[in-house]
Amino acid sequence: MSSNESEKKALEILNHVRTSPTFDNKLSNDQKIEKIKSHFAEIMTVLGLDLTDDSLSETPKRMAKMYVNEVFSGLDHKNFPKITVIENKMQYDQMVCVQNIEVMSTCEHHFQPIDGFATIAYIPNQKVIGLSKLNRIVDYFCRRPQVQERLTKQIADCLEYILETKHVGVHINAKHYCVISRGIQDTHSTTTTSDLRGDFKAKSETRIEFLKQCRTQF
Ligand SMILES: [Zn+2]
């Protein structure tokens, strides 16, 4: 696939995924980095940090590049992973389940890490997907400011569309550092969200088989 084709494909897929609250501000990535750098320097200055100190001087640039190129790279559809699905010639008709998928996202209310694990399963119809692509899809939607509920739904929307099957299960168990490092400062609590569709919702044996495989302990 040419880069133009894969960009079109990414946009088509993302059109079938519920949106994050974003808008197109027409800034290039370089412009974003320059602006964030100067605003972050301002925050540090307001906090009374000495930006001439050699330990701090590069922090605004580092933060800006980290936001745009790494932790929030999932805001840019060009970073959506290249997804290839193959025909289900083997006629596999049971659950495919991937456990312990790393979830490293950012809480959009406090810009603090959300750190946990996802379990993903589907029952194929005509299409199957390379297993590592499931990890890449999770990673893409994690790289946005998020709430765990939306993250869970976006992953499920994406899988349902790509795999052309209603039978999709997504389960996330995560720690929120805004709960750990501030506010209530509870270091032990975790949050579980799930989106069960098709047989995962309607058939109790499928639901139980899936939920038994979901990680709820750290
Ligand atoms: Zn938060």
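All of these numbers come straight from a predicted model, not from anything done at the bench.

### Some points on the overall build of the chain
Right, on to step 1. The secondary structure content of the chain amounts to 8 helices and 7 strands.
Right, on to step 2. On the principal axes, the C-alpha backbone points of the chain span a range of 65 × 45 × 25 Å.
Right, on to step 3. Per-residue burial over the chain gives 28% buried out of 218 residues.
Right, on to step 4. In the chain, once contacts between residues fewer than 6 apart in sequence are set aside, the share between residues at least 24 apart is 73%.

### Looking at unusual backbone geometry
Right, on to step 1. Phi is positive for Gln91, which is not a glycine, with a value near 55°.
Right, on to step 2. If you trace the backbone, Gln91 turns up in the loop between strand E1 (85-87) and strand E2 (96-107).
Right, on to step 3. Residues other than glycine seldom take positive phi values, yet Glu164 does so here, at roughly 50°.
Right, on to step 4. Structurally, Glu164 can be placed in the loop between helix H5 (148-163) and strand E6 (168-176).

### Describing the environment of Arg18
Right, on to step 1. Among the structural elements, Arg18 can be located in the loop between helix H1 (3-14) and helix H2 (29-46).
Right, on to step 2. Sequence separation between Arg18 and Arg150 is 132 residues; the distance between their C-alpha atoms is 8.2 Å.
Right, on to step 3. Not counting residues within four places of it along the chain, the set of residues in contact with Arg18 comprises Lys153, Gln154 and Asp157.

### Some words on the domain arrangement of the chain
Right, on to step 1. Its domain assignment divides the chain into domain 1 (3-79) and domain 2 (85-212).
Right, on to step 2. Taking the mean C-alpha position of each, domain 1 and domain 2 sit 25 Å from one another.
Right, on to step 3. Listed by partner, the interface residues are 11 residues for domain 1 and 14 residues for domain 2.
Right, on to step 4. Of the residues contributing to the side of domain 1 that touches domain 2, the split by class is 5 nonpolar, 5 polar and 1 charged.

### Overview of the packing of H2 against helix H3 (residues 59-71)
Right, on to step 1. Contact pair H2 / H3: the axes reach a minimum separation of 8 Å and the direction vectors enclose 135°. Accordingly, the angle class assigned to the pair H2 and H3 is oblique. Considering only the axes of H2 and H3, their crossing is right-handed. Residues Asn29, Lys32, Ile33, Ile36, Lys37, Phe40, Ala41 and Met44 of H2 form the contact with H3, whose own contacting residues are Thr59, Pro60, Lys61, Met63, Ala64, Lys65, Tyr67 and Val68.
Right, on to step 2. Across the contact of H2 with H3, the residue classes tally to 10 nonpolar, 2 polar and 4 charged.

What counts, and at which threshold
- Residues numbered from 1 in each chain as written.
- Predicted model: local features only at pLDDT ≥ 70, side-chain atom pairs only at ≥ 80, totals over all residues.
- Helix = DSSP H or I, 4+ residues; strand = E, 2+ residues; numbered from the N terminus.
- Buried ≥ 20, exposed ≤ 12 C-beta atoms within 10 Å, placed from the backbone.
- Contact = placed C-beta atoms within 7 Å.
- Domains from an automatic or database assignment.
- Nonpolar A, V, L, I, M, F, W, Y, C, P; charged D, E, K, R; others polar.
- Axes fitted to C-alpha atoms, helices over the stretch in contact; angles between N-to-C directions.
- Parallel < 35°, antiparallel > 145°, perpendicular 65-115°, else oblique.
- Left-handed = near helix turned anticlockwise from the far one by under 90°.

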